Amino acid sequence: MINFQTHTLSNGLRLILHQDLSTPLVAVNTLYRVGAKDEEVKRTGFAHLFEHLMFGGSKHIAQFDAPLQMASGENNAFTNNDITNYYITLPKENLEIALWLESDRMLELDFSQKSLEVQKNVVIEEFKQRYLNQPYGDVWLKLRPLAYKIHPYRWPTIGKEIQHISDAELKDVEAFFYTYYRPNNAILSIAGNIDIAKTIDLVEKWYSDIPSGVPQSKSIPPEPKQTEKRVLHHSADVPLNAIYKVFHMCSRTHKDYHATDFVSDVLSLGKSSRFQASLIREQGLFSSIDAYILGSDDPGLFVVSGKLQPGVSFEKAEEAIDKELDQLKTKHIHPNELKRVKNKAQSSFAFSSLELLNRAMNLALFEHLGDAQNLNLELEKYAAVQIEDISRVAQELFRDENSSVLYYAKNKKQ
Amino acid sequence: MLQRSKPPKSHRPVFTLPTYKEIDVGLSKPAVLFEKPDCETLKIEVVFKAGSARQAKSLQAFFTQKLLKEGTVSFPDQGVNYTTDLHGGYLVCGSTEDTTSVALYALKQNLNELLEVFFSVLTEPVFEQKAFEREIDVERNHFLVQTQKNSYLSALAVKAHLFEPESLYYSKLSVDDFDALKREDVQAFFSTQYNLYEADVILAGDVNLEQIKNIQDRFFKAVSSRAFKQSEPLKKVLLQKPNEIFIRKKEAIQSSIRLVLPCIDSHHQDFFKLKFAVMVLGGYFGSRLMANIREDKGYTYGIGAFVKSLTQQSYVSISTEVGIRHTRDTCKEIFYEIEKLTQIAVSQEELHRVKNYYLGQLVRNFDGVFLHAEMYKKCTVIQQEFSYYAQMYDAFKNMTSEDVLETSQAYLKADKVTQIIVGEA
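Residue indices follow the written sequence of each chain, beginning from 1 at its first position. Ligands are numbered from 1 and chains lettered from A, in the order in which they are written. For a predicted model such as this one, the threshold for reporting local features is a pLDDT of at least 70, and the threshold for listing and counting side-chain atom pairs is 80 or more; totals across whole chains, interfaces and linings nevertheless cover every residue. The side-chain numbers reported here are obtained from all heavy atoms of the structure, hydrogens and water having been left aside.

1. Let's talk about the interface of chain A and chain B
The cut-off we apply is this: Any two residues whose heavy atoms approach within 4.5 Å at even a single point are treated as in contact. Accessible surface is computed with a 1.4 Å probe, and the buried area is the amount of it that two parts give up when combined, taken over both parts together. Here a salt bridge means any side-chain nitrogen of Lys or Arg lying within 4 Å of a carboxyl oxygen belonging to Asp or Glu.
Each partner contributes residues to the interface: chain A has 72 residues there, and chain B has 69 residues. Contact between chain A and chain B buries roughly 6,100 Å² in total, counting both sides, with carbon and sulfur atoms accounting for 56%. Of all residues in chain A, Gln69, Met70 and Phe351 of chain A bury the most surface against chain B, accounting for 11% of the area lost on that side. At the boundary of chain A with chain B, the tally comes to 6 salt bridges. The salt bridge involving Lys344 of chain A is made with Asp85 of chain B; its shortest N-O contact spans 3.0 Å.

This is the structure we're talking about:
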């Protein structure tokens, strides 16, 4: 149970406070409710580029990192399709430094041309490092537009192409800031060795004069129901053939999310999972194979990805995967399989909650998803999943017409 | 009126070395316990001096730990994995140059069932031929994927070009090594190098008296079940002359750059000072290298420097991935930054920034008993007492600009650097 209190400022900023007196630290997490799904189709990658610019100085503070380091703090940030999240950990005595820094860049960013030019280059190098200069690095650049045709989840956070990043202009940066980086579009969560009342006062002190923005109610077009299987063949200089098969699944807040998560766990969590036992050890078809979910605000993806053993054809590999998925649809799993994934969920939740920053982040994330209180209901929701739910969810997921498959072949010349 | 231009007051964090309990478990050293009552989790880790430094054949240490979970006398075939997963445990094995560790993460409520598996893994793995072949195959394929990455190739090249071929820590991994390894090699490595009597045992979390008794009994039994040979002395470290290595990868988009420089180890009186100087150079987000090569020039997504501490040799390592057209300029700028550290004293502002950041990092590294256990392990590996961290805190607190300058001049010598580039230049 993670205890917390909430408070909302008059400008709409939502504050969540969690006290833990056993740590000498405080974690300050700022979640902005904007991600790659809010981008325009011709300016993809912008939310993430913008995240980089948030470190280039703000209205009253020339540099973000240096004063924080001076106060023994550490920080970083990430962007995904739904949110942009900034986090700081620092000694409890220096909490106010974090609030001073975060509130100033929420008030007004220093819109600098030099910072934009440099960060465009940095992000382009990140694009190359993560997506182009890696074997199979471009998989999501191909899979997303195969699975999504309308919804902006069809491009990855880094952007569709490098050109979109190069083309970003300072006026776009400013407009983006005043649209999305307003207190009423943000959630601030503070966890650690804090005094609740004093912390509320400090937050009021630093944030209350930040003007709110126009509430964002951009409607994102839902992805139309897929009606036939989609396939894509691609080849590159990679050592092994690989197959990626994805299915549309429910959203993070849907009642079936936890059962869907368990479906992926039954298939591939740990060495005793079905994929490991059957596809790797018994049949020797794959060198590695995983099933996992992309839980997102809007309906996400259930992913199966495997690297084939040399000599195994794509047909045979896919047939074997399909057979495993079919079994989940037609036959109930063994009670021990459910016990296993429930126990794993419980222990992984317990270990992850040990970390202060995880608690701060999760509180903000669940507030974004609807209510921070739901974080404390997660384990109950996992515990409530029944054997029948697994088959039912599998039947809904694993339909041919709900699938998109990328056959990633190694170049013949190798 | 709110003063937004001026930072609120801040304070340097205070570091307190955590305490631990010692428990006699019948080994050469007592087990240590970092206790946190009322938490639902427990970790128990056994650290053997069975790293790759002690192997006669390439990959021997790696595959021995890899196969521990693939069948034991009491839990044959996948019994270890099935039982661990069923009870929500995590059994994590890993090997480094100097050690192999086996760790169990458990919910307290399932501890007894999981201890049964844990001790079986520690004492009676069977190394079945079929499992051996399968793991070799999986890892060989993984290696093929990894060697497509320039960053992996440059990391491999460090071991091959820093140390002489007959030296401790030398390694030059190739795909043939996977085929040359035999099941007998891993069996032999386990029986000769996994010396439980000499191992370190580290516990963290909540554990009651009855559970402690259970753990003690199991260790006593395990250690008395077989005789352990005392570990043999390690080979000597022999360093190669500094060199420039260039491995061309046609059609590379980025080059991977590694600069390595042998240095003093943690027992040397200047070690903390050197660690600090390397931090100024490239050890954090605001470092000289990040400020110049990422934030000013935009050549890279990231660049870092750190001191790698092995028991018998330490070295400074600088690494980055850059767009190919910036390869040469990046190397030039790295050397420029090293040179600058040896010529101009750091400003008071920078000195205090690095100091405060570093002290904050130390406090962060000790947030909670599971991190205490991790830090305990780290100092044990390099044969330091736990008070090492208190000394580190004091040394950092007392650093001066002159210390940074003198240390850089003494130890960061550009002509001792081996430069490795994988990509295009």
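What follows picks up the thread again.
2. Overview of unusual backbone geometry
Which entries qualify depends on this criterion: Strands are runs of DSSP state E lasting at least 2 residues, helices are runs of H or I lasting at least 4, and numbering of each runs from the N terminus.
We note that Phe127 of chain B has phi near 50°; this positive angle belongs to a residue other than glycine. Tracing the backbone through its elements, the reader meets Phe127 of chain B in the loop between helix H3 (111-123) and helix H4 (129-146).

3. Some points on the side chain of Glu333 of chain B
All names here are of chain B. Test applied: Each residue gets one of three labels from its accessible area relative to the maximum for its type: buried under 20%, exposed over 50%, partly exposed in between, using a 1.4 Å probe on protein chains only.
Secondary-structure assignment places Glu333 in helix H11 (residues 327-343). For Glu333, a relative accessible area of 15% corresponds to the buried category. Sequence-distant contacts of Glu333, that is, excluding residues within four places in its chain, are made with Asn292, Ile293 and Lys297.

4. Brief notes about the packing of aromatic side chains
For clarity, the cut-off: The aromatic pairing rule takes the rings of Phe, Tyr and Trp, using the six-membered ring of Trp, and pairs them if the centres are within 6.5 Å, calling planes under 30 degrees apart stacked, those over 60 edge-to-face and the rest tilted. Remark: a charge is flagged as sitting over a ring if the NZ atom of Lys or the CZ atom of Arg is within 6 Å of the ring centre and within 35 degrees of the ring normal.
Within the structure shown, the criterion is met by 57 aromatic pairs over all chains. Arranged with centres 6.3 Å apart and planes meeting at 25°, the rings of Phe50 of chain A and Phe177 of chain A form a pair that is stacked. Of this pair, Phe50 of chain A sits in helix H1 (residues 46-53) while Phe177 of chain A sits in helix H7 (residues 170-180); the two residues are 127 residues apart in sequence, bridging distant segments of the chain. Geometry around Phe55 of chain A places Arg105 of chain A over its ring, the cationic atom sitting 4.8 Å from the centre. Positioned above the aromatic ring of Tyr90 of chain B is the side chain of Lys344 of chain A, whose terminal nitrogen or guanidinium carbon lies 3.9 Å from the ring centre.

5. Observations concerning the packing of helix H9 (residues 271-282) of chain B against H11 of chain B
Residues and elements named next belong to chain B. Filter applied, for reference: The convention used is that axes are lines fitted to C-alpha atoms, helices contributing only their stretch in contact, and that angles between N-to-C directions extend from 0 to 180 degrees. The scheme is simple: roughly parallel for angles under 35 degrees, roughly antiparallel for over 145, roughly perpendicular for 65 to 115, oblique for anything else. Here a crossing is called left-handed whenever its near helix is offset anticlockwise from the far helix by less than a right angle, and right-handed whenever the offset is clockwise. In this count, Pro and Cys sit with the nonpolar residues alongside Ala, Val, Leu, Ile, Met, Phe, Trp and Tyr, while Asp, Glu, Lys and Arg are called charged and the others, Gly among them, polar.
It is at 10 Å that the axes of H9 and H11 come closest, and there the two elements cross at 130°. For the element pair H9 / H11, the angle class is oblique. Between H9 and H11 lies a crossing whose hand is right-handed. Along the contact surface, H9 presents Ala277, Val280 and Leu281, while H11 presents Glu337, Ile338 and Leu341. By residue class, the composition of the contact of H9 with H11 is 5 nonpolar, no polar and 1 charged.

6. Here we look at the domain arrangement of chain A
Residue and element names in this part refer to chain A. Our working definition: Start and end points for every domain follow an automatic or database-based domain assignment.
According to the domain assignment, chain A consists of domain 1 (5-207) and domain 2 (230-410). Each of domain 1 and domain 2 has a C-alpha centre, and these two points are 29 Å apart. Each partner contributes to the interface: domain 1 provides 36 residues, whereas domain 2 provides 36 residues. In terms of surface lost to domain 2, no three residues of domain 1 exceed Tyr136, Trp140 and Leu146, which account for 22% of the buried area on that side.

7. Quick word on the sheet that holds strand E8 (residues 254-263) of chain B
Here is the rule we go by: Any two strands with at least two DSSP-identified bridges between them are counted as paired.
Within the open sheet, the 5 strands sit side by side as E7-E11-E8-E10-E9 (chain B). Their pairing is mixed. Of all strands in the sheet, those with a lone pairing partner are strand E7 (244-248) and strand E9 (300-309) of chain B, marking the two edges. Here the average twist between neighbouring strands, direction ignored, is 10°. As paired strands, E9 of chain B and strand E10 (residues 314-323) of chain B are joined by 8 bridges and run antiparallel to one another. When the bridges of E10 of chain B are listed, Lys308 of chain B appears paired with Tyr315 of chain B. Set on the sheet, helix H4 (residues 113-132) of chain A makes contact with E8, E9 and E10 of chain B; between it and E9 of chain B the angle comes to about 70°.

8. Points about the domain arrangement of chain B
Residues and elements named next belong to chain B. Condition: Two N or O atoms count as a polar contact when they lie within 3.5 Å, although within protein this holds only if one can serve as hydrogen donor and the other as acceptor, and sequence-adjacent residues are included solely when both atoms are side-chain atoms.
According to the domain assignment, chain B consists of domain 1 (21-224) and domain 2 (244-423). In this structure, domain 1 and domain 2 have C-alpha centres spaced 29 Å apart. Facing the 32 residues of domain 1 at the interface are 30 residues of domain 2. Carbon and sulfur atoms supply 73% of the area that domain 1 and domain 2 bury against each other, a total of about 2,500 Å² over both sides. Applying the counting rule to domain 1 against domain 2 returns 3 salt bridges. Here Glu45 makes a salt bridge to Lys377, at a shortest N to O gap of 2.9 Å. Linking domain 1 with domain 2 are 9 residue pairs in polar contact (both at pLDDT 80 or more). Of all elements in the fold, only strand E2 (31-35), strand E3 (41-48), helix H5 (150-162) and strand E6 (200-205) reach the threshold of two or more residues within the side of domain 1 that touches domain 2. No other element matches the 10 residues that H5 contributes to the side of domain 1 that touches domain 2.

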